[in-house]
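# A closer look at the structure
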Amino acid sequence: MITTTDLTKVYRARGREVTALDGVDLHVREGEVYGVIGQSGAGKSSLIRCVNLLERPTSGTVSVDGQDLTALAGRGPRAGKELRRARSRIGMVFQHFNLLSSRTVQDNVELPLEILGKTGKERSRKALELLDLVGLADQAKAYPAQLSGGQKQRVGIARALAGDPKVLLSDEATSALDPETTRSILALLRDLNRQLGLTVLLITHEMDVVKSVCDSAALMENGRIVESGTVSDLLATPGSELAAALFPLDGEASGADRTVVDVTFQGESATQPVISQLARTYNIDISILGAAIDTVGGLQVGRMRIELPGRYEDNVVPIGFLREKGLQIDVPGHESALVKEGAK
Amino acid sequence: MTWSEMQPLLEQACWDTLYMVGWSTLIAVVGGLPLGILLVLTDRGGLLQNLAANKVIGQIVNIARSLPFIILMVALMSFTRWITGTTIGREAAIVPLAVGAIPFFARLVETAVREVDHGLVEAVQAMGGNTWTIVRKVLVPESLPSLISSTTTTVVALIGYSAMAGTVGAGGLGDIAIRYGYQRFETGLMWITVAILAVVISLIQFAGDYAARSLHRRGAHSGPAPRLRLLKAAS
């Protein structure tokens, strides 16, 4: 649905060059919620703004719904008619809502319809319908300043949906909201994704956002995508930074002659009593340093950090046993050894 | 001088002032609004970035603003004659008043429009709006309270300028104050014109402030106890 190929963005200011995007290949499939996560300055904001060409990429192509937007852009700095029409089919919501304070809630939602040249009757019908969808039907005549942050973002979402877009871009839409409101806005995005088949590309710096709504995720660092994939693939990837961040485990080894092992359960393996089997089979004492079960991207996932007596070299056999049971095993500090073993 | 002598003089003067200030304000708004918006749009990072045009417009505005009004009036005489056919009278005074007020208002418009949050511009761009749409639906409506305040400031400045229009026989309150009050030592009449000017300017300022505030209020601080509302945060 959204594909970027070798996308590069270089900002030039006073002779200095800053590379915000460095060859980004992004592929968002139709109907999924895709999260791009990274710290500020990683280039994620540039990336999402390049998708509807609010920002002109220095090189590379962007295509949305099969249409090559970079080809529509033309040479001048201003957006031509074709590009503007394409943009009207891409919804966008912003961190600071960007609602017009001079217009009522309903008039804000009608704005994109005015741009599309719809008649007054069509506009108000559609606007009220959308406000109803986001649960703000009773606030149609209010002004944005009279609303709470969460309500404002709902208006922003209703407005973004006015042009019946297939794609919704969300630029840190929940970053200015408190945790509870964030959850309700994310739930709304999830519902819209399911009900309308809307493809959502969101950028965020909060891991919780990815955890609660995303089907797929990408991690950005220094203008590059360093990891990407569906959430379940990422969790199944040994040494995945994103997986570890999605599901952080704490706990240090209690001594030098001990081995810390991270066990990830997904799906069926989560129901087996593997830890007690391990203890009985090898007659070893296992301490649990940390554990959690959570739902990530709609999947039931468990993670546990356990400590085995003895060094890593002494524990190759029990670790092999766990792996045989279909669990994903990470040994912090021994990633390279693991990857080699995994390749066998 | 008795009141019955003063009354027709003052009445005529009020109308003259109103006439000159009214028309020149109208022209200043019609001319200065697009000019001010253009100053923002053509600036670096603007939607119609054109630094050469921006420099030229900026310079013209600065030069026109730096001329004292009385000199502007004299300098524009041939232009005034070309437009109105005369350099004397109310109509003739409107030309330099408007020419002086256009750049004044344009700078105020520029400041007001620059205050509009760039995020709003971006939001409308993302909806597929073009530059004209952005000007009509975002820049002007969002800066309207400031634009109204700017207009008030311009009207008050024009009333001040119009006192000098007496030198070209345009009449007006300022002219009465100088000719009768100062030159003929009619102190009573002078104080009356001063009082009228003070009242008129206060009224205009009050009306302008009220309009700007009521427009602003619907945006920013409306409704009872907004803090409580935030706490409830129904969403």
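Residues numbered from 1 in each chain as written. Chains lettered and ligands numbered in written order. Predicted model: local features only at pLDDT ≥ 70, side-chain atom pairs only at ≥ 80, totals over all residues. Heavy atoms only, no water.

- Under an unreviewed UniProt entry, chain B has the name ABC transporter permease and belongs to Streptomyces levis.
- Turning to chain B, the UniProt annotation filed under Subcellular location (unreviewed entry) states: "Cell membrane".
- Listed under Sequence similarities (unreviewed entry) in UniProt, the entry text for chain B is "Belongs to the binding-protein-dependent transport system permease family." (UniProt positions renumbered as here; feature names shortened; annotations may be inferred.)

- Under an unreviewed UniProt entry, the name given to chain A is ATP-binding cassette domain-containing protein, and the organism recorded is Streptomyces levis.

### Considerations on the overall build of chain B
- Each helix and strand in chain B was counted, giving ten helices and zero strands.
- Going from N to C terminus, chain B has its helices and strands arranged as α-α-α-α-α-α-α-α-α-α.
- In terms of overall dimensions, chain B has a C-alpha envelope of 70 × 50 × 25 Å along the principal axes.
- Counting across all 235 residues of chain B, residues that qualify as buried make up 42%.
- Pairs at least 24 residues apart make up 72% of the contacts formed inside chain B by residues separated by at least 6 positions.
- Accessible surface computed for chain B: about 12,200 Å², of which carbon and sulfur atoms make up 66%.
- For chain B, the distance from the average position of its 17 positive side-chain charges to the average position of its 13 negative side-chain charges is 9 Å. (Helix = DSSP H or I, 4+ residues; strand = E, 2+ residues; numbered from the N terminus. Buried < 20%, exposed > 50% of the residue type's maximum accessible area, 1.4 Å probe, protein only. Contact = heavy atoms within 4.5 Å. Areas by Shrake-Rupley, 256 points an atom, 1.4 Å probe, with all protein chains shown as cover. Lys, Arg positive; Asp, Glu negative; His and termini not counted. Charge placed at Lys NZ, Arg CZ, Asp CG, Glu CD.)

### Focus: the pattern of salt bridges
- Summed over the entire model, instances satisfying the criterion amount to 22 salt bridges over all chains.
- Residue A:Glu114 pairs with B:Lys137 through a salt bridge whose shortest N-O separation is 2.5 Å. Note that A:Glu114 is positioned in helix α4 (residues 105-115) and B:Lys137 in helix α7 (residues 131-162), a pairing that runs across two chains. The pair A:Glu114 / B:Lys137 is uniform in exposure class, with both members buried.
- One salt bridge in this structure joins B:Glu110 and B:Arg114, with 2.5 Å as the shortest N-O distance. In this pair, B:Glu110 and B:Arg114 are both assigned in helix α5 (residues 90-114), four residues apart and thus about one turn of the helix distant.
- The buried category is assigned to B:Glu110, whose relative accessible area is 11%.
- Given the relative accessible area of 40%, B:Arg114 is considered partly exposed.
- Linked by salt bridges that have partners in common, B:Asp43, B:Arg107, B:Glu110 and B:Arg114 make up one network. (Salt bridge = Lys/Arg side-chain N within 4 Å of Asp/Glu carboxyl O.)

### Structural notes on the confidence of the model for chain B
Residues and elements named next belong to chain B.
- Taken as a whole, chain B shows an average pLDDT of 87; of its residues, 92% reach a score of 70 or greater.
- For the stretch residues 221-235, pLDDT sits under 50, and the model shows 16 contacts to residues farther than four places along the chain or on other chains.
- For this predicted complex, the interface confidence score (ipTM) comes to 0.81, while the overall pTM stands at 0.82. (pLDDT = per-residue confidence, 0-100.)

### Comments concerning the packing of helix α11 (residues 274-282) of chain A against helix α12 (residues 316-324) of chain A
All names here are of chain A.
- It is at 11 Å that the axes of α11 and α12 come closest, and there the two elements cross at 145 degrees. For the element pair α11 and α12, the recorded crossing hand is right-handed. Judged by residue contacts, Val274, Gln277, Leu278, Thr281 and Tyr282 of α11 engage Val317, Pro318, Phe321 and Leu322 from α12.
- Here the residues of the contact of α11 with α12 sort into seven nonpolar, two polar and no charged. (Axes fitted to C-alpha atoms, helices over the stretch in contact; angles between N-to-C directions. Left-handed = near helix turned anticlockwise from the far one by under 90°. Nonpolar A, V, L, I, M, F, W, Y, C, P; charged D, E, K, R; others polar.)

### Remarks on the interface of chain B and chain A
- Tallying the contact residues gives 30 residues for chain B and 30 residues for chain A.
- Contact between chain B and chain A buries roughly 2,500 Å² in total, counting both sides, with carbon and sulfur atoms accounting for 56%.
- For the interface between chain B and chain A, the tally reads two salt bridges.
- Linking chain B with chain A are six residue pairs in polar contact (both at pLDDT 80 or more).
- If you list the elements that add at least two residues to the side of chain B that touches chain A, you get α6 (118-126), α7, α9 (187-219) and α10 (226-232) of chain B.
- The element contributing the most residues to the side of chain B that touches chain A is α6(B), with seven residues.
- Among the residues making up the side of chain B that touches chain A, the classes are represented as 13 nonpolar, eleven polar and six charged. (Buried area = accessible area lost by both parts, 1.4 Å probe. Polar contact = N/O pair within 3.5 Å; in protein donor to acceptor, adjacent residues only side chain to side chain.)

### A short note on the nonpolar core
Residues and elements named next belong to chain A.
- With 47 residues, the main nonpolar core has Val109, Leu131, Val134, Val155, Ile157, Leu202 and Val213 as its most contacted residues.
- Contacts of leucine 202, omitting those with residues within four sequence positions, involve Val33, Tyr34, Gly35, Val36, Ser170, Val209, Val213 and Cys214.
- The next biggest cluster of nonpolar side chains, apart from the first, holds 33 residues, and it includes Val36, Ala42, Ala218 and Met220. (Core = buried A, V, L, I, M, F, W, Y, C linked by side-chain atoms within 4.5 Å.)

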